[in-house]
Amino acid sequence: MERESGGPRQGDPVAFTNRQLMALIGPLFFEQFLAIAVGLADSLMVSSVGDAAISAVSLVDSISALMIYIFSAMAAGGAAVAGQYIGRRESRNASDACQHLMVLLAASSVVITAVLYLFRRGILTVLFGQVDPEVMAASDTYYGIVMASIPAIALYNGGAAVFRAMGRSDLSLNVSLLMNGINVAGNALLIFGLGMDVSGVAIPTLVSRIVAAAVILAFLANPALPLSLAPPREFTFRPVLMRNILSLGIPGGIENGMFQLGRLVLYSLISTFSTAAVTANAIGNTLGNFHCFAGQAVSLGSAVVVSQCAGAGAFDQARRYIRKLSLWAYGLMIGVNLLLLALLSPIMGIYAVSPEAERLAVMVAVIHGVASMVIWVPSFLLPACMRSAGDARFTMVVSMLSMWLCRVFFAYILGKTLGYGVVGVYVAHAVLDWTVRSVVFLLRYRGGAWTRKAISE
């Protein structure tokens, strides 16, 4: 394939000023924070519906989250391909890659959603067959509504990833604000205003995701954008583009899917501990989201930058940006986590749990918060950068092996066999797993093999 006129030679520089980097990462920071805050508000509103609704939403959302993780990774892989074409100054290929990404997300999400409905009864019975009949009934209702939103959230994630590839994370933030606003307002109206049960939680989720997908697709149809979607009738399938997208998206989807599966395994383990341990884990999960959101925002932004550097073959520049953005991530995460640690006592007062649950919650929050400040960046930001440069298979294999061998296996050893309970699970998760990941990914980064994995012509 001929490089488009005006395209760079391999190694040509890709320049991002500090102002451009802040314009990219700033909206991502607020978008990540917004998602956590809205999730927390949702959980508080759901708690007013009753125990059966709380359990149903939690159980079904574990399946929904698995789907979202997979499609988010596929979207990120497709955006990385577009980013590499941008770095090569191949604008037509970049736009066509976005078109192929959205077609892939639409087709695969519809097929998976059909399977989820076709085997609905079996899935609920196998996964949640031991729950109370009231919880099962609520789960069935919630499942029946929320799973219809999977194609919409897949397309929204794809559109958001494309806008990030263009450096327009501000637009994805605005659509996210719209989606989450509809969700929260809808929950408040249907739960508190109309007195609905679990349906009042599910319907706003479905509507908000459909609206978000429609809005972001409408924006992407603007031909004035650097990356835009052509009308469906003009779509021409190009195998090389789809192969490049799948080469990054499939490993990322498998990695994220296995990650979520590992979380479910650990939830199952923790459920065998005391009630105080289960409560402490719930609090730890909530705080854990706040521990990492700043780093996740920088990670999303750094993937955009590195993919363009990789496309241009400017790997020395990619390394400089990785170092710079890693320092930014460290600074943000240290600031956020020190604040959370300082506020830990009043936060515990809000939950008003038993003394034993509070003691365990403080311990797991400290473990996770300190680990987030020290080793999260090489454990997660670094592989995200290498993945965006094309090194997706290696990061997938390392992440999966580390999760099952360090996080899950040692969680059972420390938590169950040695009797450290939920604290042992968090040591395996945030100390052992993250340390192993950090060492391996740092060695890979220093070795430079990741610089030879860019997409093919």
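Just so it is clear, the structure is predicted and the values come from calculations on it, not from any experiment.

Draft legend 1. Structural view of the overall build of the chain. Looking only at helices and strands, the chain has 15 helices and 0 strands in total. Relative to the globule expectation of 23 Å for 457 residues, the C-alpha radius of gyration of the chain, 22 Å, shows essentially globular dimensions. Dimensions of the chain along its principal axes, counting C-alpha atoms only, are 65 × 45 × 35 Å. Evaluated residue by residue, the chain yields a buried proportion of 53% over its 457 residues. By sequence separation, contacts in the chain at least 24 residues apart represent 85% of the contacts at least 6 residues apart. When the accessible surface of the chain is split by element, carbon and sulfur atoms take 67% of a total near 19,200 Å². Taking the average location of the 29 positive side-chain charges in the chain and that of its 22 negative ones, the two points are 11 Å from each other.

Draft legend 2. Structural context of the environment of Gly 262. Relative to the helices and strands, Gly 262 is located in helix H9 (residues 239-270). On a C-alpha basis, the gap between Gly 262 and Ser 402 in space is 11 Å, while along the polypeptide they are 140 residues apart. Look past the residues within four positions of Gly 262 in its chain and what remains in contact with it is Met 403, Trp 404 and Val 408.

Draft legend 3. Structural view of the pattern of salt bridges. Enumeration according to the criterion identifies 9 salt bridges in this entry. In this structure, the salt-bridge partner of Arg 168 is Asp 170, at a minimum N-O distance of 3.0 Å. For Asp 391, the salt bridge identified is with Arg 444, shortest N-O distance 2.9 Å. Residue Asp 391 is located in the loop between helix H13 (355-388) and helix H14 (392-417), and its partner Arg 444 is located in helix H15 (residues 421-447); the two are separated by 53 residues in the primary sequence.

Draft legend 4. A look at the layout of surface pockets. Empty space within the second largest pocket amounts to approximately 240 Å³. Ile 86, Ala 165, Met 166, Gly 167 and Gln 308 are, among the 15 residues lining the second largest pocket, the residues nearest its centre. Those elements that place two or more of their residues in the lining of the second largest pocket are helix H1 (18-46) and helix H3 (91-118). For the lining of the second largest pocket, the element with the most residues is H1, which contributes 3 residues. Looking at the lining of the second largest pocket, its residues break down into 9 nonpolar, 4 polar and 2 charged.

Draft legend 5. Here's a closer look at the environment of Ala 361. In this fold, Ala 361 is placed in helix H13. The class of Ala 361 is buried, set by a relative accessible area of 0%. Counting along the chain gives 140 residues from Ala 361 to Ala 221, while the straight-line C-alpha distance between them is 47 Å. Excluding its chain neighbours within four sequence positions, the residues that come into contact with Ala 361 are Ala 280, Ile 283 and Met 348.

Draft legend 6. Representation of the packing of helix H5 (residues 133-146) against helix H8 (residues 199-220). It is the contact of H5 with H8, at a shortest axis distance of 9 Å, that shows an interaxial angle of 10 degrees. Taken together, the axes of H5 and H8 lie roughly parallel to each other. Two secondary-structure elements touch here, H5 through Thr 141, Tyr 142, Ile 145 and Val 146 and H8 through Ser 199, Val 201, Ala 202, Ile 203, Leu 206 and Arg 209. Along the lines of polarity and charge, the residues of the contact of H5 with H8 split into 7 nonpolar, 2 polar and 1 charged.

Draft legend 7. Seen up close, the packing of aromatic side chains. Evaluated as defined, the whole model comprises 13 aromatic pairs. Seen in terms of ring centroids, Phe 380 and Trp 434 are 5.5 Å apart; in terms of plane orientation they differ by 85 degrees. Their pairing is edge-to-face. Of the two residues, Phe 380 sits in helix H13 while Trp 434 sits in helix H15, which places them 54 residues apart along the sequence. Look at Phe 380 and you get partly exposed, because its relative accessible area is 21%. Ring geometry for Phe 394 and Phe 441: centres 6.5 Å apart, planes at 75 degrees, overall edge-to-face. Taken together, the positions of Phe 394 in helix H14 and Phe 441 in helix H15 put the pair 47 residues apart, joining distant regions of the chain. Accessibility expressed as a relative area gives 0% for Phe 441, which makes it buried. A cation over a ring is seen here: Arg 319 above Tyr 445, with NZ or CZ 5.0 Å from the ring centre.

Draft legend 8. Main features of the nonpolar core. Counting 68 residues, the largest nonpolar core has Val 305, Val 422 and Trp 450 as the members making the most contacts within it. The element best represented in this core is helix H10 (residues 275-312), accounting for 16 residues. With residues up to four places along the chain from it excluded, the contact list for Val 422 reads Ile 270, Phe 273, Ala 277, Asn 281, Leu 360 and Val 364. By size, the runner-up hydrophobic cluster in this structure holds 63 residues, among which are Ala 79, Tyr 85, Leu 155 and Ile 455.

Draft legend 9. Quick look at unusual backbone geometry. The phi torsion at Arg 89 lies on the positive side, around 65 degrees, for a residue other than glycine. Tracing the sequence through the fold places Arg 89 in the loop between helix H2 (51-87) and H3. Judged by relative accessible area, which is 39%, Arg 89 ranks as partly exposed.

Draft legend 10. Inspection of the side chain of Asn 157 at higher detail. By the secondary structure assignment, Asn 157 is in helix H6 (residues 150-165). Non-local contacts of Asn 157, meaning those with residues more than four positions away in its chain, are made with Ile 68, Ser 72 and Ala 75.

Draft legend 11. Main features of a nonpolar patch on the surface. Together, Val 111, Val 115, Leu 118 and Phe 119 make up an exposed nonpolar region whose accessible area comes to about 410 Å². Position of Val 115 among the secondary structure elements: in helix H3.

Draft legend 12. The arrangement of H14 in detail. For H14, spanning 26 residues, the distance from its first C-alpha to its last is 35 Å, which sits close to the expected 38 Å at 1.5 Å a residue. The sharpest bend along H14 comes to roughly 30 degrees, located at Met 403. In the stretch just after H14, Gly 419 is the one whose phi turns positive, near 80 degrees.

Here is what the cut-offs are and how they apply
Here the residue numbering is sequential within each chain, running from 1 through the sequence in written order. Local features are withheld for residues below a pLDDT of 70 in this predicted model, meaning they are given only at 70 or higher, and side-chain atom pairs are given and counted only at 80 or more; totals for whole chains, interfaces and linings count all residues. As a convention, hydrogens and water are excluded, and side-chain values are obtained from all of the structure's heavy atoms. Numbering of helices and strands starts at the N terminus; helices are DSSP runs of H or I of at least 4 residues and strands are runs of E of at least 2. Restricting the calculation to C-alpha atoms gives the radius of gyration, and the globule rule supplies 2.2 Å times the number of residues raised to the power 0.38. Partly exposed residues are those whose accessible area sits between 20% and 50% of the maximum for their type, while under 20% is buried and over 50% is exposed, using a 1.4 Å probe and protein chains only. The criterion used for residue contact is that any of the two residues' heavy atoms lie within 4.5 Å. In these tables, accessible area is a Shrake-Rupley quantity obtained with a 1.4 Å probe, and a residue counts as shielded only by the protein chains included in the view. In this count, Lys and Arg are taken as positive residues and Asp and Glu as negative ones, while His and the chain termini are left out. A charged residue contributes its charge at one atom only: NZ of Lys, CZ of Arg, CG of Asp or CD of Glu. When a carboxyl oxygen of Asp or Glu lies within 4 Å of a side-chain nitrogen of Lys or Arg, that pair is called a salt bridge. Buriedness of a pocket was judged along seven lines, with at least five required to meet protein on both sides within 12 Å; pockets are open sets of points on a 1 Å grid over the protein atoms alone, cavities are sets where a 1.4 Å probe fits but cannot get out, and lining residues have an atom within 4 Å of a point. Grid points are joined across faces, edges and corners, and a volume is the space filled by probe spheres set on the points. Side-chain classes follow a simple rule in which Ala, Val, Leu, Ile, Met, Phe, Trp, Tyr, Cys and Pro form the nonpolar group, Asp, Glu, Lys and Arg form the charged group, and the remainder, Gly included, forms the polar group. Note on method: axes are straight lines fitted to C-alpha atoms, helices fitted across the in-contact stretch only, with angles between N-to-C directions ranging 0 to 180 degrees. Here is the rule for angles: anything less than 35 degrees is roughly parallel, anything more than 145 is roughly antiparallel, 65 through 115 is roughly perpendicular, and the remaining ranges are oblique. By convention, a stacked pair of Phe, Tyr or Trp rings (six-membered ring in the case of Trp) has centres within 6.5 Å and planes under 30 degrees apart, an edge-to-face pair has planes over 60 apart, and any other such pair is tilted. For a Lys NZ or an Arg CZ to count as sitting over a ring, it must be within 6 Å of the ring centre and within 35 degrees of the ring normal. We define the nonpolar core as a collection of buried residues of types Ala, Val, Leu, Ile, Met, Phe, Trp, Tyr and Cys that are connected through side-chain atoms lying within 4.5 Å of one another. Each patch is assembled from residues with relative accessible area greater than 30% and no salt bridge, linking like charges that lie within 9 Å and nonpolar side chains (Val, Leu, Ile, Met, Phe, Trp, Tyr) that lie within 5 Å. Expected span of a helix, by definition, is 1.5 Å for each gap between consecutive residues, and there is one gap fewer than residues. Fitting one axis to the seven residues ending at a residue and another to the seven starting there, the bend at that residue is the angle between the two axes.

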